[in-house]
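What the coordinates show
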Amino acid sequence: MKLLITGGAGFIGSNFIRYWLKNHPADNIINLDKLTYAGNLENLKEIEDNPKYKFVKGDICDGNLVNELIKEVDIVVHFAAESHVDRSIIDSQIFLKTNVIGTQILLDAALKNQVKHFHHVSTDEVFGSLALDDKTKWNECTPYDPKSPYSASKAASDHLVRAYGNTFGLKYTITNCSNNFGPYQFPEKLIPLAITNLMEGKKVPIYGDGKYVRDWLYVDDHCKAIDLVLQKGKAGETYCIGGMTDDINNLEIARMILKILGKHETEIDFVKDRPGHDRKYAVDWSKAKKELGFKPEYDFSSYLEMTIKWYRDNKEWWQKIKSGEYKKYYQLQYGKAQIR
Ligand code: NAD
Ligand code: TYD
C-alpha cells in the first residue's frame, strides 16, 4: 500500500508516520507538509532515511502538486490543518483557507484519481460545548454546533467530506477525536505548555476558573484508532474516538503535573479567559470499541508521567521551538508579564 499523509510533520501526523512504518513496514508513505510554525522535521528524524518514506514540502491548497502526489497513492490520511483554538481567535482566515479550501482541493484530487480510501482526521470540538453538570457524551449522531473559528472550520471540512461521499461516491471515513497529548506536541497546547513552562521556571497559565473539562487521549491510542479505521472501518462511516479521562478539569491536570515535577500550587497563574471558551467535551466511543475493537491502552496518569518524561528527556526539541518565532505568539497571547 502507498499512503499520502498530509500534515505529517505536525504533532499527531508525525506520531502516526512513526507508528505506521513500525507496524506496516512494507508500506510506502509520502508526507506532504507545508512546514508552518507547527510543522517540524525534527519530529521525524529517526525515520528520515527510511527508503519507504518520502517528504514533500508543499501546501494542500496547491491543486497541481496535490493532484500529482495523489496519482501515486491508494490511501490518503488527512491531518494537515491549523489546529490551535487561540490562534483562530487572533486570526481565523488561514483556518478557513487550510482547513476548508485545502480539504476541498484534496477531495477533488482524491476523486479524480479514484483513491481507494480517504480518511479525514477531525475533532470532537465540532459538537460544541456541554455544561459541567451535563452527563451527556457526544456520539456519531450528535448534531454539529461548533463554537470557535477553529471548530467551525473543522465542521465545514467534515461536511464537505460527507458531501463528496454522497454526491460523487468518494470512499471516505472520518474520525472525530478528543484532545490528544504526548511526545512532540507543540508547546502552545495546555499539557506541553504547562510541562515546559514549569521546566523553564515559569508559571502555568490557567484560563478563567480552570474548571474546563476535556476528554484526554494519548496520541499513540489515536494512531491505533486510525489504523483500525483504515483496516476495518466501513466507507461512509464516522467514528468518535475518545479518551480515558472522566470529567477531569484543567486545574486538576495542572496540579497533577505540578506534583510529578515537585512544584507548588503557587506556580499556577490564573489568566484572562479565552473568549467563547467551550466548558466541557465528552465523547462516547462505544461504536469504535464495538465495531473496531478500539480501546486506550493505559490510564491517564501513566501516560501523563510518560509524557513528562519525554519532555524532560527532549529539552533540546522544545527549547528550540520556544526560543524562536513562537516567542512573538506567546507575548501576544499571554502578555509581557509571562515573558521572563
Ligand atoms: P499540528 O498543528 O501539530 O500540525 C499540523 C500540521 O499540518 C503541521 O505539520 C503543519 O505544518 C501542517 N500544515 C498546516 N497547514 C498546511 C497546509 N496548508 N498544507 C500542508 N500542511 C499544512 O496539529 P495536530 O495537533 O497534529 O492535529 C492534526 C489533525 O488532527 C488536525 O486536523 C486536527 O484538527 C486534528 N485533531 C487534533 C487534536 C489534538 O488534540 N491535537 C484532536 C483531534 C483532532
Ligand atoms: P488546548 O490545549 O488549547 O486545546 P483545546 O482548546 O483545543 O481543547 O486547551 C485545553 C484546555 O486548556 C482548554 O480548556 C483551554 C485551556 N488552556 C488554559 O487554561 N491555559 C492555556 O494556556 C492553554 C493553551 C489552554
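Reading the values: rules and limits
- Residues numbered from 1 in each chain as written.
- Chains lettered and ligands numbered in written order.
- Predicted model: local features only at pLDDT ≥ 70, side-chain atom pairs only at ≥ 80, totals over all residues.
- Heavy atoms only, no water.
- Helix = DSSP H or I, 4+ residues; strand = E, 2+ residues; numbered from the N terminus.
- Near = heavy atom within 4 Å.
- Polar contact = N/O pair within 3.5 Å; in protein donor to acceptor, adjacent residues only side chain to side chain.
- Areas by Shrake-Rupley, 256 points an atom, 1.4 Å probe, with all protein chains shown as cover.
- Nonpolar A, V, L, I, M, F, W, Y, C, P; charged D, E, K, R; others polar.
- Domains from an automatic or database assignment.
- Contact = heavy atoms within 4.5 Å.
- Buried area = accessible area lost by both parts, 1.4 Å probe.
- Salt bridge = Lys/Arg side-chain N within 4 Å of Asp/Glu carboxyl O.

**Comments concerning unusual backbone geometry**
- In this structure, leucine 35 is a non-glycine residue whose phi angle is positive, near 55°.
- Tracing the backbone through its elements, the reader meets leucine 35 in the loop between strand 2 (28–33) and strand 3 (53–57).

**Points about the site of ligand 1**
- In the region of ligand 1, 28 residues are neighbours, and Ile12, Asp33, Ser83, Tyr150 and Lys154 sit closest.
- In this structure, aspartate 59 approaches ligand 1 through a side-chain N or O atom, which is 2.8 Å from a nitrogen atom.
- Contact between ligand 1 and serine 83: an oxygen atom at 2.7 Å from a side-chain N or O atom of the residue.
- Protein contacts shield 97% of the accessible area of ligand 1, which totals 840 Å² for the unbound molecule.
- Taken together, the elements giving at least two residues each to the shell around ligand 1 come down to helix 1 (11–23), strand 5 (117–123) and helix 5 (149–168).
- For the shell around ligand 1, the leading source of residues is strand 5, giving 3 residues.
- Among the residues forming the shell around ligand 1, the class breakdown is 12 nonpolar, 12 polar and 4 charged.

**Describing the domain arrangement of the protein chain**
- Parsing the protein chain into structural domains produces domain 1 (2–181 + 216–241) and domain 2 (190–213 + 245–279 + 298–325).
- If you average the C-alpha positions of domain 1 and of domain 2, the two centres end up 25 Å apart.
- Contact residues are listed per partner, giving 18 residues for domain 1 and 22 residues for domain 2.
- When the two sides are added together, the surface that domain 1 and domain 2 hide from each other amounts to roughly 1800 Å², 53% of it contributed by carbon and sulfur.
- Counting every contact that joins domain 1 to domain 2 gives 4 salt bridges.
- A salt bridge links lysine 135 to aspartate 247, with the shortest nitrogen-to-oxygen separation between them at 3.1 Å.
- The tally of links between domain 1 and domain 2 comes to 9 residue pairs in polar contact (both at pLDDT 80 or more).
- A total of 3 residues in the side of domain 1 that touches domain 2 trace back to one element, the largest contributor, which is helix 3 (residues 85–90).
- Here the side of domain 1 that touches domain 2 is built from residues that sort into 7 nonpolar, 5 polar and 6 charged.

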